[in-house]
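# Fold and contact review
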Amino acid sequence: MILTMPSFTTERHTPVAAGLLFLAVVLCASFVSQGECQTSPPREESCSAYKTCDTCVPHAKCLWCLTSNNCSEYPVSWLLPPASVCQLSQARWGVCWMNFEALIIALAVLGGTVLISIMVCCCCCCCCKKDRTRVDRDEERLDRRREEIKQRSDERKGERRARHDEIRKKYGLMGDSDHPYSKFENE
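Reference entry: report on the structure contained in this document. (Residues numbered from 1 in each chain as written. Predicted model: local features only at pLDDT ≥ 70, side-chain atom pairs only at ≥ 80, totals over all residues. Heavy atoms only, no water.)

Checked against the element boundaries, Y74 lands in the loop between β2 (70-73) and β3 (91-92). Taking the C-alpha atoms as reference points, Y74 and H59, separated by 15 residues in sequence, lie 9.9 Å from one another. With residues up to four places along the chain from it excluded, the contact list for Y74 reads A60, K61, C62, L63, L79, L80, P81, W93 and F100. (Helix = DSSP H or I, 4+ residues; strand = E, 2+ residues; numbered from the N terminus. Contact = heavy atoms within 4.5 Å.)

So, about the sheet that holds β3. The strand order β2-β1-β3 describes an open sheet built from three strands, whose pairing is antiparallel. The sheet is open, and its two edges are formed by β2 and β3, each paired on a single side. (Pairing = 2+ DSSP bridges.)

Quick look at the packing of aromatic side chains now. Applying the stated criterion across every chain, the model contains three aromatic pairs. The interplanar angle of 45° and the centroid separation of 6.0 Å between the aromatic rings of Y74 and F100 together place this pair among those described as tilted. Of this pair, Y74 sits in the loop between β2 and β3 while F100 sits in helix α3 (residues 100-170), placing them 26 residues apart in sequence. With relative accessibility at 5%, the residue F100 sits in the buried group. Between W93 and F100 the ring centres are 6.1 Å apart and the planes differ by 70°, which places this aromatic pair in the edge-to-face class. Note on W93: relative accessible area 31%, which makes it partly exposed. Through pairs of rings, three or more aromatic residues link up here, namely Y74, W93 and F100. (Phe/Tyr/Trp six-rings, centres within 6.5 Å; stacked < 30°, edge-to-face > 60°. Buried < 20%, exposed > 50% of the residue type's maximum accessible area, 1.4 Å probe, protein only.)

The phi torsion at N69 lies on the positive side, around 50°, for a residue other than glycine. Within the secondary structure, N69 sits in the loop between β1 (62-65) and β2.

For the coordinates displayed, the defined rule picks out four salt bridges. For E140, the salt bridge goes to R144, with nearest N and O atoms at 3.1 Å. Of this pair, E140 and R144 both sit in helix α3, four residues apart, which is roughly one turn of that helix. Given the relative accessible area of 45%, R144 is considered partly exposed. For D143, the salt bridge identified is with R146, shortest N-O distance 2.8 Å. Of the two residues, D143 and R146 are both situated in helix α3; the distance of three residues between them amounts to about one turn of the helix. Given a relative accessible area of 54%, R146 falls into the exposed group. (Salt bridge = Lys/Arg side-chain N within 4 Å of Asp/Glu carboxyl O.)

Remember that the coordinates give geometry; whether it matters functionally is a separate question.
And the structure:
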């Protein structure tokens, strides 16, 4: 009883068909997102409506200033809020327990640590790769040298055997190989 697997033929999708499929998905998604955009936008409160730090900082667009105890719009045109809005040491954004200055320093240290780690990993990978190729080259060189030594040894062994055979012939120690007692017959 022979069991055979059914053979399935797979159709190869051409890049054009894959592109058309992707385009159809994008169009469907854009129609769905347009339908969602037509709803009324949620009512957004201005940052000045928040009266405590805990209600102000969860909103990414708002900045709490401890010196004036007010919530104001984060000045998005500036990377850091200017001193006219609030001092960095007194500004709170994201969390109330950490000032903006410490937040910037912590993020800079964290980003630097990540970048240095990535650089160290890349350097280690490159060095390990070089070491592997160096080890491979050393092994290859040692194998060639070992083979040369073996060839020279075989040549010397052949030369010794030839000299010994000449000496045996000279003194009659090499006889017929037909029978082992040939050297005793000559006496």
